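In case you want the letters, here they are:
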Amino acid sequence: MSSTTSGTTWHRPAVPVRADRLWNRLMALSEIGRYLDEPSGLFGVNRLALTDADAEGRRVVKRWMEEAGLQVRVDRIGNVIGRRGGADDTLAPVMSGSHIDSVPTGGAFDGALGVIGALEVVRALDEDGARTRRPIEVAYFTDEEGARFGTDMLGSAVAVGRLGLDTALALTDRDGKSVGQELKRIGFLGEAQERLSPPHAYVECHIEQGPILDAAGMELGVVTGVQGISWQELTIGGRSAHAGTTPMSLRRDAGLAAARVNVKMHEMVRSGQYGAEMRATMGRIDVHPGRVNIVPSRVVCTVDLRNPDDRHMARAEHDLAEHLRALSAELGVTIDARRTAKTEHVQFADSVQTVIARHVTALGLKWQHILSGAGHDAQELASLCPTAMIFVPGLYEGISHNPRELSTSEACARGVEVLYRTMVELAA
Ligand code: GLV
Ligand code: MN
Ligand code: MN
């Protein structure tokens, strides 16, 4: 079916996306890196970036891209991009995608829905025998999670030029292995140019990863943007000593310092001085030597601050830094703070949100606008081209970064149907 708007002819999707096909592929991908989460008895997904499991996932999805007839390229930071030609191949493409790496305790949907959903869009177009005017590109970006090499949105940040290629390739994990070495080892150190020419638009479908849509009884969310994210790694140096013989007044306890920083972050949130939406997490605390009867000599811990308001975020960062200085003097420890990631609040394009909202409304779905609490590759692409996202609600209060992460086949298919219609309209 074709229709004419403002002089251009564009294809209207006649074939819907297939919920069963989408779901089967989501489940098939979740078999890769599957592990039994002992405490919950549930199966989770561990495809930490550039591990063997991530490599296997990458190979499978790359094969799916090739089977869909996409022309696939791997770039110098390991991003994988499949292209479906348009009627006018000289035009900038409409792009969609996400990531297939996971946190070590992940679920089946985070990132995977966006990549497999975009591939389902291509399959629906093929079944429909449709040719869009602009090319369509489907991408999975390297290490969105940042859970291994410490910096999130790694591949997409390099693709848009926010992060240098050499800096990204040199990042190391806890064992000293670098991104470059690991990309090479798994066979994904490609040769394609990593800097993307600006696409015409970028649209990403993702699970919400939070409770808002489900609690409000919404079927989809149209994402307005992403809140600011600030990550640091703290190395706290104290002095190891005997736990029984060393008087408290003579200690330089790195473990105590880490605990105090964590409590301070919590107090900052509770004070309300940094806005009602500030969030703070110390997700990693590695204590050395880590024995019951030894005063800790060293702690490596992380700070994750989130805030939709950049001014509140800047003040929180400043006040925490002051606290670290005071704590260091009070407890006689050294505190070395290294910034590992920082992004400000990103506003998505009204133009793309409007197209998404129109299709959600036309489908008769209950929806609302929502600001993303989690980081996404879309926030990087937003610096290159008009960008927005579609959120699919999750079950169980939208829990994510956890094996309990779950959505339904119907909910995922709704999100991808909207992605399909949106992409087709933007590619007209
Ligand atoms: C990405 O998953 C994030 O940490 O927000
Ligand atoms: Mn994600
Ligand atoms: Mn994630």
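Quick summary incoming for the structure in this document. (Residues numbered from 1 in each chain as written. Chains lettered and ligands numbered in written order. Predicted model: local features only at pLDDT ≥ 70, side-chain atom pairs only at ≥ 80, totals over all residues. Heavy atoms only, no water.)

Here the manganese ion (ligand 3) is held by D110 (OD), E145 (OE), E145 (OE) and H401 (NE2), and the distances to it run 2.1 to 2.5 Å. Positions of the donor residues of the manganese ion (ligand 3) along the chain correspond to the pattern D-x34-E-x255-H. Between the two metal centres, the manganese ion (ligand 3) and the manganese ion (ligand 2), the spacing is 3.6 Å, with D110 acting as a shared donor. Of this pair, E145 sits in the loop between β8 (136-140) and α4 (154-159) while H401 sits in the loop between β20 (387-392) and α12 (409-426), and the two are 256 residues apart along the sequence. Residue classification places E145 among the buried residues on the basis of a relative accessible area of 7%. (Donors = N, O, S within 2.8 Å, 3.2 Å for Na, K, Ca; no water. Helix = DSSP H or I, 4+ residues; strand = E, 2+ residues; numbered from the N terminus. Buried < 20%, exposed > 50% of the residue type's maximum accessible area, 1.4 Å probe, protein only.)

This part covers the coordination of the manganese ion (ligand 2). Here the manganese ion (ligand 2) is held by the protein donor atoms H99 (NE2), D110 (OD) and H206 (NE2), which lie 2.0 to 2.3 Å from it. Summarised as a motif, the one-chain spacing of the donors to the manganese ion (ligand 2) is H-x10-D-x95-H.

Right, let's talk about the side chain of E405 for a bit. Structurally, E405 can be placed in the loop between β20 and α12. For the buried E405, no salt bridge is present, and the opposite-charge side chain at shortest range is R47, 8.5 Å distant. Polar side-chain contacts of E405 include one of 3.1 Å to the backbone nitrogen of D110. Once you skip the residues sitting within four places of it in the chain, E405 turns out to touch G107, A108, F109, D110, I207, I399 and S400. (Lys, Arg positive; Asp, Glu negative; His and termini not counted. Salt bridge = Lys/Arg side-chain N within 4 Å of Asp/Glu carboxyl O. Polar contact = N/O pair within 3.5 Å; in protein donor to acceptor, adjacent residues only side chain to side chain. Contact = heavy atoms within 4.5 Å.)

Now for helix α3 (residues 112-127). Counted at 1.5 Å a residue, the expected span for α3 with its 16 residues is 22 Å, and the 22 Å between its end C-alpha atoms agrees. The element α3 is extensively covered by neighbouring structure, given that 13 of its 16 residues are classed as buried. Of the residues trailing α3, G129 is marked for its positive phi of about 65 degrees. (Expected span 1.5 Å × (residues − 1).)

As a structural note, the neighbourhood of ligand 1 is formed by E144, E145, W231, R306, A374, G375 and H401. One of the side-chain N or O atoms of E145 is found 3.0 Å from an oxygen atom in ligand 1. A distance of 3.2 Å separates an oxygen atom of ligand 1 from a polar atom in the side chain of H401. When the free accessible area of ligand 1 is taken as 200 Å², the share hidden by the protein chains comes to 94%. (Near = heavy atom within 4 Å. Areas by Shrake-Rupley, 256 points an atom, 1.4 Å probe, with all protein chains shown as cover.)

Here H288 and P289 are connected by a cis peptide whose omega angle stands at 0 degrees. When you line up the elements, P289 lands in the loop between β14 (285-288) and β15 (294-295). Positioned with a positive phi, M153 is a non-glycine residue whose angle comes to about 55 degrees. The buried category is assigned to M153, whose relative accessible area is 0%.

This part is about empty space enclosed by the protein. What the rule picks out here adds up to one cavity of 30 Å³ or more. Empty space within the largest cavity amounts to approximately 30 Å³. In this structure, the largest cavity is lined by D54, R58, I100, D101, Y140, F141, T142 and D143. Taken together, the residues of the lining of the largest cavity sort by class into three nonpolar, one polar and four charged. (1 Å grid on protein atoms, 1.4 Å probe; cavity = no way out; pocket = protein on both sides within 12 Å on 5 of 7 lines; lining within 4 Å. Points joined across faces, edges and corners; volume = space filled by probe spheres on them. Nonpolar A, V, L, I, M, F, W, Y, C, P; charged D, E, K, R; others polar.)

Moving on to the pattern of salt bridges. On inspection of all chains with the given rule, the structure shows 31 salt bridges. Measuring nitrogen to oxygen at the nearest pair gives 3.4 Å for the salt bridge that ties R83 to D89. Note on D89: relative accessible area 43%, which makes it partly exposed. Here the residues in one salt-bridge network are D52, R148, D173, E182 and R185, joined through shared partners.

Of note, V94 is situated in strand β7 (residues 94-98). Residue classification places V94 among the buried residues on the basis of a relative accessible area of 0%. Sequence spacing of V94 and S40 is 54 residues, and the spatial spacing of their C-alpha atoms is 41 Å.

Here we take up the layout of surface pockets. Each pocket or cavity is described by its volume, and for the largest pocket that value is around 1,400 Å³. Along the walls of the largest pocket sit 49 residues, with E145, W231, D304, R306 and H401 positioned nearest its centre. Sorting elements by how many residues they give to the lining of the largest pocket places strand β16 (residues 298-307) first, with four residues. Partitioning the lining of the largest pocket into residue classes produces 15 nonpolar, 19 polar and 15 charged. Roughly 270 Å³ of volume is contained in the second largest pocket. What lines the second largest pocket is a set of 18 residues, and nearest its centre among them are F43, A108, P403, E405 and L406. Secondary-structure elements contributing two or more residues to the lining of the second largest pocket are α1 (19-30) and β4 (42-45).

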